[in-house]
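Secondary and tertiary structure notes
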Amino acid sequence: MENSGGAKATLACISCGKLNRIDLSLVSRLPKCGSCGSPIHLDKPASLDDRTMEKVVTGTDVPVLVDFYADWCGPCKSMAPQIEEMARAHSGRAVIAKLDTDRSPQMAGRFGIRGIPTLIVFSRGREVGREVGAVPRPTLEALLQKAHGNAS
Ligand code: ZN
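Before going into details, it helps to say that this report is about the structure given with it. (Residues numbered from 1 in each chain as written. Predicted model: local features only at pLDDT ≥ 70, side-chain atom pairs only at ≥ 80, totals over all residues. Heavy atoms only, no water.)

Remarks on the packing of aromatic side chains
The cut-off we apply is this: To pair, rings of Phe, Tyr and Trp, with the six-membered ring standing in for Trp, must have centres within 6.5 Å; the planes then decide the type, stacked if under 30 degrees apart, edge-to-face if over 60, and tilted in the middle. A run of DSSP states H or I qualifies as a helix once it reaches four residues; a run of E qualifies as a strand once it reaches two. Both are numbered from the N-terminal end. Relative accessibility thresholds used throughout: buried, under 20% of the residue-type maximum; exposed, over 50%; partly exposed, between the two (1.4 Å probe, protein chains only).
Overall, the coordinates contain two aromatic pairs when judged by the stated rule. Seen from their ring centres, phenylalanine 68 and phenylalanine 111 are 6.1 Å apart, and the 50 degrees between their planes marks the pair as tilted. Of the two residues, phenylalanine 68 is situated in strand β4 (residues 64-69) and phenylalanine 111 in the loop between α3 (105-110) and β6 (118-123); the sequence distance between them amounts to 43 residues. Residue class for phenylalanine 68 comes out buried when judged on its relative accessible area of 0%. For phenylalanine 111, a relative accessible area of 17% gives the class buried. Geometrically, the ring pair formed by phenylalanine 111 and phenylalanine 122 is edge-to-face, given 5.4 Å between the ring centres and 80 degrees between the ring planes. Of this pair, phenylalanine 111 sits in the loop between α3 and β6 while phenylalanine 122 sits in strand β6, and the two are 11 residues apart along the sequence. Here the two residues phenylalanine 111 and phenylalanine 122 agree in accessibility, since each one is buried.

As structure tokens, then:
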């Protein structure tokens, strides 16, 4: 199996919001924010918003799976544990992220989000697949796989 050595991800620090370039080959050494020193957890879903989404999606060498959700959405809540599991399972090999469509209407509009949850997988900034509605874990895996198939 190919290692993603040298691959980098761009992720916002959850404490100070600064965008960091993370070397994914160092994932086991718990990367820290270059600005405030807070740990950046690659095994948890990353939070995206109108300011950071484009930079994260285009600045990350590995596939990025984005869960477009809202706090009031029941099916989104029921999917949340699976999104967390995906982040743990693909730590360092993919970025699993969430975007609150109420707080980030610009991105929701740009990607034509009409129903939530909507899951979109990006490969080097380009959309390579999407699913609308709550889907089971195998469907999430298949969706992410589309980006891996596209990477080479
Ligand atoms: Zn920080």
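Considerations on unusual backbone geometry
Of the consecutive residues isoleucine 116 and proline 117, the connecting peptide bond is found in the cis state with omega at 0 degrees. Locating proline 117 in the fold gives a position in the loop between α3 and β6. Of note in the backbone geometry, leucine 30 takes a positive phi value of approximately 45 degrees without being a glycine. When you line up the elements, leucine 30 lands in the loop between β2 (19-23) and β3 (46-48). Given a relative accessible area of 38%, leucine 30 falls into the partly exposed group. We note that arginine 124 has phi near 50 degrees; this positive angle belongs to a residue other than glycine. Topologically, arginine 124 is positioned in the loop between β6 and β7 (126-132).

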